[in-house]
Amino acid sequence: MAGPKSSKSSSSDTSAAISTLWKSYVSQTPDRLKFIDSFLVFIVLSGVVQFLYCVLVTNFPFNAFLAGFSSSVGQFVLTASLRSQVNPENRPEFKEVSPERAFADFALGSIVLHFFVFNFLG
C-alpha cells in the first residue's frame, strides 16, 4: 500500500497542473473569450474592493454599498451569460442565438440593470 505523498510533491503537482491549465487556456481560448474573461476578473475585483471597503472603512450610505455590490453581481451574471453564448464550443446549445444577438441582449440587460441600480442609489 502506498504511503501519503509528501507536501513537496503535492505542491509541485499542483504547480504543474496550474501551469498546464494556463498554457492550455492561452493557446486554445479565442481572443474574444479572453477579453470577456478579463472583464469578469475586473468585475470580481471591483466587488471585492467594495465589500472590503464596506467592512473595513464604513458602510454609511448602506444603500450605495448595496447598489454598487449588486451592480457588480448583476454585471458578472450578465457577462458570464454572454461568455457562454458566444463560446464556439457551446454553439449546439445556442443554435438560434448569434453572437451579435447575444451581445445585444447583454447590452440591453446591462442598461436595465444600471437603470435600477441608479434608482436604488436614491
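Residues numbered from 1 in each chain as written. Predicted model: local features only at pLDDT ≥ 70, side-chain atom pairs only at ≥ 80, totals over all residues. Heavy atoms only, no water.

(A) Up close: the pattern of salt bridges. A complete count under the given rule lists 2 salt bridges for this structure. Of the charged contacts, one joins Arg 83 and Asp 37 as a salt bridge, the two residues approaching to 2.4 Å between their closest N and O atoms. Of this pair, Arg 83 sits in helix H3 (residues 62–86) while Asp 37 sits in helix H2 (residues 31–56); the two residues are 46 residues apart in sequence, bridging distant segments of the chain. Given the relative accessible area of 14%, Asp 37 is considered buried. (Salt bridge = Lys/Arg side-chain N within 4 Å of Asp/Glu carboxyl O. Helix = DSSP H or I, 4+ residues; strand = E, 2+ residues; numbered from the N terminus. Buried < 20%, exposed > 50% of the residue type's maximum accessible area, 1.4 Å probe, protein only.)

(B) Local environment of the packing of aromatic side chains. Counting across every chain of the model gives 7 aromatic pairs. Between Phe 115 and Phe 116, the ring centres sit 5.8 Å apart and the planes meet at 70°, which makes this aromatic pair edge-to-face. Here the two residues Phe 115 and Phe 116 agree in accessibility, since each one is exposed. Three or more aromatic residues joined by ring pairs make a cluster, and in this case those are Phe 51, Phe 62, Phe 65 and Phe 69. (Phe/Tyr/Trp six-rings, centres within 6.5 Å; stacked < 30°, edge-to-face > 60°.)

(C) Seen up close, H2. Taking 1.5 Å of rise per residue, the 26 residues of H2 would be expected to cover 38 Å, and the 37 Å separating its terminal C-alpha atoms lies within 8% of that figure. Here H2 has its buried residues at Leu 33, Ile 36, Asp 37, Leu 40, Ile 43, Gly 47 and Cys 54. (Expected span 1.5 Å × (residues − 1).)

(D) Structural context of the packing of H2 against H3. At a minimum axis distance of 9 Å, the contact between H2 and H3 shows a crossing angle of 165°. The angle between H2 and H3 falls in the class roughly antiparallel. Relative to H3, the crossing made by H2 is left-handed. Across the contact of H2 with H3, the residue classes tally to 14 nonpolar, 7 polar and 3 charged. (Axes fitted to C-alpha atoms, helices over the stretch in contact; angles between N-to-C directions. Parallel < 35°, antiparallel > 145°, perpendicular 65-115°, else oblique. Left-handed = near helix turned anticlockwise from the far one by under 90°. Nonpolar A, V, L, I, M, F, W, Y, C, P; charged D, E, K, R; others polar.)

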